Amino acid sequence: MRLFAAVLPPDAAVAELAARVKTLQTLPGADGLRWTEREGWHFTLAFYGEVAEEVLPELHTRLARAAHRHHAHELRLAGGGRFDDRVVWVGVDGDSEALRRLADSAEAGGRRAGVPMDRHRPYHPHLTIARARSSRHRSATSLGPYVDGLTDFAGREWTVGELCLVRSHPPAPGVPGRQPRYEVVAAWPLGH
């Protein structure tokens, strides 16, 4: 199974962001981007990749422990940025340090469970809303106007209350425009 640990924003926060994204999609050149679907919006904490079935029980145990060690905290979707000319993302305001610590614990839990992990990188909380369609569009579509359109975005505050283990179902090959489908396979309340 292709898995990752994540925090999922609540429906109200997603609806606020969806309204702003709808505005961004009217900007010139928006068709040069592949917009992510709101059903898939999440903050990845740790990416595990393909995880063998026999590793799952230990991964569940480790993530349950991680969730127990962290308390609920407040965030809001706010602002945005880009990774080169590839990705447009929305950031957070609030207790991002608590989110970073949760991400570190989710990564450590994966390692301790026996999941082969890439080298550790500092956590940068972001929710991807769009990607360049191809290298051909990367140079043709400047991401600056989309990032500028997020500068004043600040959603309502919400409580991060659980750590989720999410399965990614890749889209069928050869079907243009299809996106991965995400399925929460387990969730643990923070602080319990």
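See the structure shown above.
Keep in mind it's a predicted model, so treat the numbers as computed, not measured. (Residues numbered from 1 in each chain as written. Predicted model: local features only at pLDDT ≥ 70, side-chain atom pairs only at ≥ 80, totals over all residues. Heavy atoms only, no water.)

(A) The arrangement of the packing of aromatic side chains in detail. If you walk through the whole model with that rule in mind, you get 3 aromatic pairs. Pairing Phe4 with Tyr182 gives two aromatic rings, centres 5.5 Å apart and planes at 85°, and the pair type is edge-to-face. Taken together, the residues Phe4 in strand E1 (residues 2-7) and Tyr182 in strand E9 (residues 181-189) connect sequence positions 178 residues apart. (Phe/Tyr/Trp six-rings, centres within 6.5 Å; stacked < 30°, edge-to-face > 60°. Helix = DSSP H or I, 4+ residues; strand = E, 2+ residues; numbered from the N terminus.)

(B) How the structure looks around the pattern of salt bridges. This structure, assessed with the given rule, holds 10 salt bridges. Its salt-bridge partner being Arg76, residue Glu157 comes within 4.0 Å of it at the nearest N-O pair. Here Arg76 lies in strand E4 (residues 73-83) and Glu157 lies in the loop between helix H5 (144-148) and strand E7 (158-160), a separation of 81 residues in the sequence. Residue classification places Arg76 among the partly exposed residues on the basis of a relative accessible area of 27%. (Salt bridge = Lys/Arg side-chain N within 4 Å of Asp/Glu carboxyl O. Buried < 20%, exposed > 50% of the residue type's maximum accessible area, 1.4 Å probe, protein only.)

(C) Layout of the sheet that holds strand E3 (residues 43-50). Sheet architecture is open: 4 strands sit in the order E3-E1-E8-E9, paired in antiparallel fashion. Where the open sheet ends on each side, the last strands, each with one partner, are E3 and E9. Along the sheet, successive strands turn relative to each other by an average axial angle of 25°, direction set aside. Sheet topology places strand E8 (residues 162-169) next to E9; 8 bridges connect them, and they run antiparallel. The residue bridging Leu165 from the neighbouring strand is Ala186, located in E9. (Pairing = 2+ DSSP bridges. Axes fitted to C-alpha atoms, helices over the stretch in contact; angles between N-to-C directions.)

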